[in-house]
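Each chain, letter by letter, is given below.
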Amino acid sequence: MSSPRIQSITASLLETPLYQPFVTSQGRADRGSCVAICLKLDDGREAFGESSPVEYVTQETVTTVLRTVERAAPQLVGLEVLAYREVLNVIQAVAPAEPSARCGLEMALLNAWSQVSGLSLTQFWGSAVQTVESDITIPIVDGVGELARMAWQGGIHTFKIKVGGTNLENDYARVAEVCSAVPSARIRVDANQAFTVRQALEFTHRLVDTGVDLELLEQPVPQADFAGLEEVAANSPVPVFADESIQTPAQAVRLVQTPVQGFNCKVNKCGLFGVLDIIAIAKSAGRKLMLGCMLETRRSIALSLALACGTGAFDYIDLDSHLLLNEAGQNPFFYQLGGQMSPLFPKEG
């Protein structure tokens, strides 16, 4: 007997307000915009995926994702959901340069596979660990000390501070404000491509020299400036992680030949199965891994959480966008207490 087959795939725009504006060196967002994908099986079941594109990273928008899904749907109809590799090959062929669109389709496919197989996606990837600990992002806004104190009181102890604003002194002051508010916190900084090599090194050395216990510096220079990224990594007092500069396994192969110490993977930046390829490349070369996110809803974060707990491959977790989005109702997808996140809800009694 064959397994259920894909009957239809449809997509629609989903917008979610933020609790407050999210500001980085690349701009300001007042809401999260994603494409919700519904995959229907011929036995009546439905599975859902989401694509959260960021144009400056992958050159995709919600409009291009909607078009990609519309283009892909006819080629996926009729395929068996348990034969997921065949479906993935078709998705890759239809959207080779659209990782965020691929992510949404892959997510819907795997959620359908999970329903039909009776296995969770954490089990699918190996059930390596039951929980991971995430940071929370502090954007380029006023009052960052109070934001950090509130998060600390809620049990989050690691902070990724966005830097690369219009004034380096203001950047430094915001990092200092967070450190003063939560002196025992673990601190990471993310420039989102905003620095020159000189600015990145001067800024990082200044933080370290003034006693900031800095874990890492993320994407200090523009994504195409591989030489600059290599120079910063070779001379930085803390590990340097690539983010926008690593979107494909081919770029991972290139970067493992440089001093860059780590990679930030995101399912909407690399495609879900692209992340798996990057994991293999990074592990073979002894590089560290972070799992991050775009402005994704709880449903999408749940997929990344399953990947993190299933593989156990990530040294740093940055799955926090659901804490920034004002989604209605309770979170039915995963359990979180402070920074600790688990696909499994605690048993009652």
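The structure under discussion appears in the preceding block.
To keep things clear, this report deals only with the structure shown in the data block. Every value quoted in this text rests on a predicted model; they were computed, and no experiment measured them. Numbers given for residues are sequential positions, taken from 1 along each chain in its written order. Totals for whole chains, interfaces and linings use all residues, but because this is a predicted model, local features are given only for residues with pLDDT of at least 70 and pairs of side-chain atoms are given and counted only at 80 or more. To get the side-chain values, take all heavy atoms of the structure and skip hydrogens and water.

### A closer look at helix H8 (residues 197-209)
One full turn of an α-helix is made of 3.6 residues, so residues set three or four places apart face in the same direction.
Alright, step 1. Taking 1.5 Å as the rise per residue, H8 with 13 residues should run 18 Å; its terminal C-alpha atoms sit 18 Å apart, in good agreement.
Alright, step 2. Burial classes follow relative accessibility: with a 1.4 Å probe on protein chains only, a residue under 20% of its type's maximum area counts as buried, one over 50% as exposed, and anything between as partly exposed. In DSSP terms, a helix is any run of H or I states spanning at least four residues, a strand is any run of E spanning at least two, and both are numbered starting from the N terminus. Within H8, the full set of buried residues consists of Val-197, Ala-200, Leu-201, Phe-203, Thr-204 and Leu-207. When H8 is viewed along its axis, its buried side chains cluster within an angular range of 165° and face the same direction. Set apart from the buried face of H8 by more than 90 degrees, the exposed residues are Arg-198 and Asp-209.
Alright, step 3. Gly-211 sits one or two positions beyond H8 and adopts a positive phi of about 95°. In this scheme, a helix's expected span is set at 1.5 Å multiplied by one less than its residue total. In this description, the arc belongs to the directions extending from the helix axis to the C-beta atoms.

### Remarks on the packing of aromatic side chains
Alright, step 1. The criterion for an aromatic pair is that two Phe, Tyr or Trp rings (for Trp, the six-membered ring) have centres within 6.5 Å, with stacked assigned to planes under 30 degrees apart, edge-to-face to planes over 60 apart and tilted to the rest. Taken as a whole, this structure holds seven aromatic pairs when the rule is applied.
Alright, step 2. Taking the centre distance of 6.3 Å and the plane angle of 80° together, the rings of Tyr-84 and Trp-113 count as edge-to-face. With Tyr-84 in helix H3 (residues 84-94) and Trp-113 in helix H4 (residues 99-117), the pair connects residues that are 29 residues apart, well separated along the chain.
Alright, step 3. A ring pair is formed by Tyr-335 and Phe-345, whose centres lie 6.3 Å apart and whose planes are at 65°; its orientation type is edge-to-face.

### A short note on the pairing of strand E11 (residues 288-291)
Alright, step 1. Pairing analysis gives four bridges linking strand E10 (residues 262-265) to E11, with the strands arranged parallel. In the sheet register, Asn-264 faces E11, and the bridge partner there is Met-290.
Alright, step 2. Only strands joined by at least two bridges in the DSSP assignment are considered to pair. Bridge count between E11 and strand E12 (residues 316-317): two bridges; the pairing is parallel. The residue of E12 that forms the bridge with Met-290 is Tyr-316.
Alright, step 3. Note on the crossover from E11 through helix H13 (residues 298-311) to E12: the handedness is right-handed. When the strands point away from the viewer, a crossover counts as right-handed if the route from the first strand across the helix to the second turns clockwise.

Don't take any of this as a statement about function, it's just geometry.
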